[in-house]
Amino acid sequence: MDAAAVRFLREALDATGWVARTREFGRALRGTRSPGGLLLVGTPEEEPWHLTAHLADEARFTGLAQLTPTLVRWAPPVDAPPHLRVGVDRLAGAGRGETLLVVAEQRAPVPLLERVDDARRTGATILALDGGDPELEALAHDALAVPALGAPLSFDGAQHLVSLAAGELPRRAGLRERLARLADRVSGPRLRD
């Protein structure tokens, strides 16, 4: 999905609450304090390559180094480059200032839940992008559930909205806009005849 398609998706979903919710979730991702401190893990069957790539792009495009993700893998090949060799043992060392984002469209298996619980106990912020897993959501500080049925967007679409929202900086009002708000506060709203 390209940037124009994601923007169109946002416009189409604007009235549903999904855009506001993904913005909240994106703000939570920006709460990570250091580059590499945003850990992404999936299930043993499904690694979150797609979201990892999009967050890396957002970090590069926006200059928000804390969005630079670390892909945590269940069985990384020993000959893989260092950034693709990070195993689930890394979760035991997750601590304050780091964020663990669990991406699991299907129910999280027990070994993943145990590792998430360990990371939470050591002070990491736990976020979950999931398909409605109550056990995973109980461990998460914040969860964005995208049910397979009944949601107006797909799990893949939600990942696109989250990555775009993570790179979005709050818009500061320009001088004219701030002066207009000040004038409204001082004089009251204008009433039309």
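Refer to the preceding data block for the structure.
Just so it is clear, the model here is predicted, and its values are computed rather than measured. (Residues numbered from 1 in each chain as written. Predicted model: local features only at pLDDT ≥ 70, side-chain atom pairs only at ≥ 80, totals over all residues. Heavy atoms only, no water.)

Engineer: Is there a simple way to explain helix α6 (residues 155-166) in this structure?
Structural biologist: Given 3.6 residues per turn, any residue in an α-helix points the same way as the ones three and four places further on. Over its 12 residues, α6 extends 16 Å from the first C-alpha to the last, a length consistent with the 16 Å expected when each residue adds 1.5 Å. Counting buried positions along α6 yields 11 of 12 residues, so the element is predominantly enclosed. When we look at burial in α6, the residues that qualify are Phe155, Gly157, Ala158, Gln159, His160, Leu161, Val162, Ser163, Leu164, Ala165 and Ala166. (Helix = DSSP H or I, 4+ residues; strand = E, 2+ residues; numbered from the N terminus. Expected span 1.5 Å × (residues − 1). Buried < 20%, exposed > 50% of the residue type's maximum accessible area, 1.4 Å probe, protein only.)

Engineer: Could you clarify how one ought to interpret the environment of Glu47 in this entry?
Structural biologist: Inspection of the secondary structure assignment puts Glu47 in the loop between β1 (38-41) and α3 (49-62). A relative accessible area of 19% places Glu47 in the buried class. Those residues in contact with Glu47, other than ones at most four positions away along the chain, are Arg73 and Trp74. A polar side-chain atom of Glu47 sits 3.2 Å from a polar atom in the side chain of Arg73. (Contact = heavy atoms within 4.5 Å. Polar contact = N/O pair within 3.5 Å; in protein donor to acceptor, adjacent residues only side chain to side chain.)

Engineer: Mind showing me how you'd approach the pairing of strand β2 (residues 69-72) here?
Structural biologist: Every regular strand shows the same layout, with side chains that alternate between the two sheet faces. Of the two faces of β2, the one carrying Pro69 and Leu71 and the one carrying Thr70 and Val72 are both buried. Sheet analysis places β1 next to β2, joined by four bridges and oriented parallel. Of the residues in β2, the one forming a bridge with Leu38 is Pro69. In terms of handedness, the path from β1 via α3 over to β2 forms a crossover that is right-handed. (Pairing = 2+ DSSP bridges. Right-handed = clockwise from strand over helix to strand, strands pointing away.)

Engineer: How should I be thinking about the pattern of salt bridges in this particular structure?
Structural biologist: All chains considered together, the criterion is met by nine salt bridges. In this structure, Arg21 and Asp142 form a salt bridge, with 2.5 Å as the shortest nitrogen-oxygen distance. Of this pair, Arg21 sits in helix α2 (residues 18-29) while Asp142 sits in strand β5 (residues 142-145), placing them 121 residues apart in sequence. Take Asp142: its relative accessible area is 22%, and that puts it in the partly exposed class. (Salt bridge = Lys/Arg side-chain N within 4 Å of Asp/Glu carboxyl O.)

Engineer: Sorry if this is basic, but what is going on with the packing of α3 against α6 here?
Structural biologist: Two quantities define a packed helix pair, namely the angle between the helix axes and the distance between the axes. One can describe the packing of α3 onto α6 by two numbers: an axis separation of 9 Å at closest approach and a directional angle of 20°. Here α3 lies roughly parallel to α6, going by the angle between them. Between α3 and α6 the crossing geometry is right-handed. Taking contact as the criterion, the partners of His50, Leu51, His54, Leu55 and Glu58 in α3 are, on α6, Asp156, Gln159, His160, Ser163, Leu164 and Ala166. (Axes fitted to C-alpha atoms, helices over the stretch in contact; angles between N-to-C directions. Parallel < 35°, antiparallel > 145°, perpendicular 65-115°, else oblique. Left-handed = near helix turned anticlockwise from the far one by under 90°.)

Engineer: I would appreciate a short explanation of a nonpolar patch on the surface in the present structure.
Structural biologist: Together, Leu175, Leu179, Leu182 and Val186 make up a nonpolar patch on the protein surface, roughly 420 Å² of accessible area in all. The class for Leu175 is exposed, based on a relative accessible area of 55%. (Patch = residues over 30% accessible without salt bridge, like charges linked within 9 Å, V, L, I, M, F, W, Y side chains within 5 Å. Areas by Shrake-Rupley, 256 points an atom, 1.4 Å probe, with all protein chains shown as cover.)

Engineer: Looking at this model, I keep getting lost on the sheet that holds strand β3 (residues 99-104). Mind explaining?
Structural biologist: Paired through backbone hydrogen bonds, the strands of a sheet run either parallel or antiparallel to each other. Reading across from one edge, β2-β1-β3-β4-β5 is the order of the five strands in this open sheet, with parallel pairing throughout. In the strand order of this sheet, the two ends are held by β2 and β5, each with one partner. Put simply, the sheet's adjacent strands are angled 20° from each other on average, direction ignored. Along the sheet, α2 makes contact with β1, β3, β4 (125-130) and β5, crossing β5 at roughly 145°. Helix-sheet contacts for helix α4 (residues 110-121) involve β1, β3 and β4, and the interaxial angle to β3 is about 160°.

Engineer: Just checking my understanding: could you explain a negative patch on the surface for this structure?
Structural biologist: Taken together, the side chains of Glu45, Glu46, Glu105 and Asp156 make up a negatively charged region of the molecular surface. Secondary-structure assignment places Glu105 in the loop between β3 and α4. (Lys, Arg positive; Asp, Glu negative; His and termini not counted. Charge placed at Lys NZ, Arg CZ, Asp CG, Glu CD.)

Engineer: Would you mind going over the side chain of Glu58 with me for this structure?
Structural biologist: Its place among the elements puts Glu58 in helix α3. Setting aside anything within four residues of it in sequence, one finds Glu58 in contact with Gly63, Leu67, Ser163, Leu164 and Gly167.

Engineer: Honestly, the pairing of β3 in this entry has me stumped. Any pointers?
Structural biologist: Counting buried residues in β3 gives six out of six residues, a clear majority hidden from the surface. Of the two faces of β3, the one lined by Thr99, Leu101 and Val103 and the one lined by Leu100, Val102 and Ala104 are each fully buried. One ladder, built from four bridges, connects β1 with β3; its direction is parallel. Looking at the pairing, Leu40 lines up with Leu101 of β3. Note that β3 and β4 share six bridges and pair parallel. Bridge pairing in β4 places Thr99 opposite Thr125.

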